[in-house]
Amino acid sequence: MTEQQDAAEAPPWVARGQERQQPPTLLALRDLVAAGSRVNHTVARRAGLSETELVTLEHLTREQIGPAEVARRLEVSTAAATGIVDRLVSRGHVERRPHEVDRRRTDLHITDSGRSEIVGHLMPMFSALHRHDSSFTDEEKAVVERYLRGAAAAFEEILER
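Numbers given for residues are sequential positions, taken from 1 along each chain in its written order. Since the coordinates come from a predicted model, pLDDT governs what is reported: local features require at least 70, and pairs of side-chain atoms require 80 or more to be given and counted, while whole-chain, interface and lining totals use all residues. Think of the side-chain values as coming from all heavy atoms in the structure, minus any hydrogens and water.

K.L.:
Would you mind going over the overall build of the protein with me for this structure?
P.N.:
Looking only at helices and strands, one finds seven helices and two strands in the protein. Numbering goes from the N terminus for both helices and strands, where a helix is a DSSP run of H or I of at least four residues and a strand is a run of E of at least two. The order of α-helices and β-strands along the protein, N terminus first, is α-α-α-α-α-β-β-α-α. Restricting the calculation to C-alpha atoms gives the radius of gyration, and the globule rule supplies 2.2 Å times the number of residues raised to the power 0.38. Taking 15 Å as the expected radius of gyration for a compact globule of 161 residues, we find that the protein reaches 20 Å, considerably beyond that expectation. In terms of principal-axis extent, the alpha carbons of the protein reach across some 55 × 40 × 30 Å. Sequence-distant contacts in the protein: of pairs separated by 6 or more residues, those separated by 24 or more amount to 44%. Where accessible areas are quoted, they stem from the Shrake-Rupley method and a 1.4 Å probe; at the residue level, only the protein chains shown are allowed to cover. Of the roughly 11,500 Å² of accessible surface on the protein, a fraction of 54% belongs to carbon and sulfur atoms. In this description, contact between two residues means that some pair of their heavy atoms is separated by no more than 4.5 Å.

Pasting the structure below:
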């Protein structure tokens, strides 16, 4: 899509002074994104980690990846990713282990210490989100999920350009 096409399809609330004319769903999404950014900053500071170290631990709670994948996901050099991993290993939050199939590769595993570091700081939020999520019917959850997945896809459009 060209910039001219983007401008032709631009919603009316993009115009100067019209930002607050956005639908309530978009305003709420903006608030959520802003709060999420502040949470990462605050949790990293409280845990004595850099934000990149925290994000690395978050990735490792979901899956085992290697240092090269850390570099790709954080959009940093492999040398910078190695420094991040070294710091997390020295704190006991991450372990390097040989890849199960390709012994030339290394996988990173979050330790109980690393998991506790994240969960300990985020547990009040997790509990509140669980209570909130439990207040919705399955049908409502399906609509919320569809909205959030569509919003995530819209964010990805920026990242792919």
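K.L.:
Sorry if this is basic, but what is going on with helix H5 (residues 78-90) here?
P.N.:
Side chains three or four residues apart in an α-helix point the same way, a direct result of the helix having 3.6 residues per turn. Taking 1.5 Å as the rise per residue, H5 with 13 residues should run 18 Å; its terminal C-alpha atoms sit 18 Å apart, in good agreement. Inspection of H5 places Ala-81, Gly-83, Ile-84, Val-85 and Leu-88 among the buried residues, and these make up the whole buried set. Tucked into the core, H5 has its buried residues touching helix H3 (51-62), helix H4 (67-74), strand S1 (94-98) and strand S2 (106-110). Note on H5: the residue one or two positions beyond its end, Gly-92, has a positive phi of about 85°. Given a helix with a known number of residues, its expected span is that number minus one, times 1.5 Å. Exposed residues in this analysis have more than 50% of their type's maximum accessible area, buried residues have under 20%, and partly exposed residues fall in between, with area computed by a 1.4 Å probe over protein chains only.

K.L.:
Looking at this model, I keep getting lost on the packing of helix H2 (residues 24-47) against helix H6 (residues 112-134). Mind explaining?
P.N.:
When two helices pack together, their arrangement is given by the angle between the helix axes and the distance between those axes. Lines fitted to C-alpha atoms define the axes, with helix axes restricted to the stretch in contact, and inter-axis angles between N-to-C directions lie between 0 and 180 degrees. Where H2 meets H6, the axes come as close as 10 Å, and the angle between the chain directions of the two elements is 135°. On the basis of the axis angle, H2 is oblique to H6. When you trace H2 past H6, the crossing you get is right-handed. The segment H2 lies against H6, with Val-39, Val-43, Arg-46 and Ala-47 engaging Glu-117, His-121, Leu-122 and Met-125. Here the contact of H2 with H6 is composed, by residue class, of five nonpolar, one polar and two charged. Between 65 and 115 degrees an angle is taken as roughly perpendicular, under 35 as roughly parallel, over 145 as roughly antiparallel, and anywhere else as oblique. Two helices crossing with the near one rotated counterclockwise from the far one by less than a right angle form a left-handed crossing, whereas a clockwise rotation gives a right-handed crossing. The nonpolar class holds Ala, Val, Leu, Ile, Met, Phe, Trp, Tyr, Cys and Pro. Asp, Glu, Lys and Arg form the charged class, and all remaining residues, Gly among them, are polar.

K.L.:
I would appreciate a short explanation of the layout of surface pockets in the present structure.
P.N.:
Gaps left between atoms are located by rolling a probe of water-molecule size over the structure's atoms. Points on a 1 Å grid over protein atoms alone make up a cavity when a 1.4 Å probe fits among them but cannot get out, and a pocket when they form an open set with protein on both sides within 12 Å along at least five of seven lines; lining residues each have an atom within 4 Å of a point. Grid points are joined across faces, edges and corners, and a volume is the space filled by probe spheres set on the points. Size it by volume and the largest pocket reaches roughly 1,800 Å³. Taken together, 36 residues line the largest pocket, and the ones lying closest to its centre are Leu-29, Leu-32, Val-33, Gly-36 and Leu-148. Elements supplying a minimum of two residues to the lining of the largest pocket: H2, H3, H4, H6 and helix H7 (138-160). Taken together, the residues of the lining of the largest pocket break down into 20 nonpolar, six polar and ten charged.

K.L.:
It is not clear to me how the pattern of salt bridges should be interpreted in this structure. Could you clarify?
P.N.:
Side-chain pairs of opposite charge can arise where the charged atoms are in close proximity. The term salt bridge refers to a pairing of a side-chain nitrogen on Lys or Arg with a carboxyl oxygen on Asp or Glu at a separation within 4 Å. A full pass over the atoms with the stated rule returns eight salt bridges. Arg-73 serves as the salt-bridge partner of Glu-69, at 2.8 Å between the closest nitrogen and oxygen. Of the two residues, Glu-69 and Arg-73 both sit in helix H4, four residues apart, roughly one turn of that helix. Residue Glu-69 is classed as partly exposed on the basis of its relative accessible area, which comes to 22%. Relative accessible area serves as the criterion here: at 30%, Arg-73 is assigned to the partly exposed category. Residues Arg-149 and Glu-145 are paired through a salt bridge, measuring 2.9 Å at the closest nitrogen-oxygen approach.

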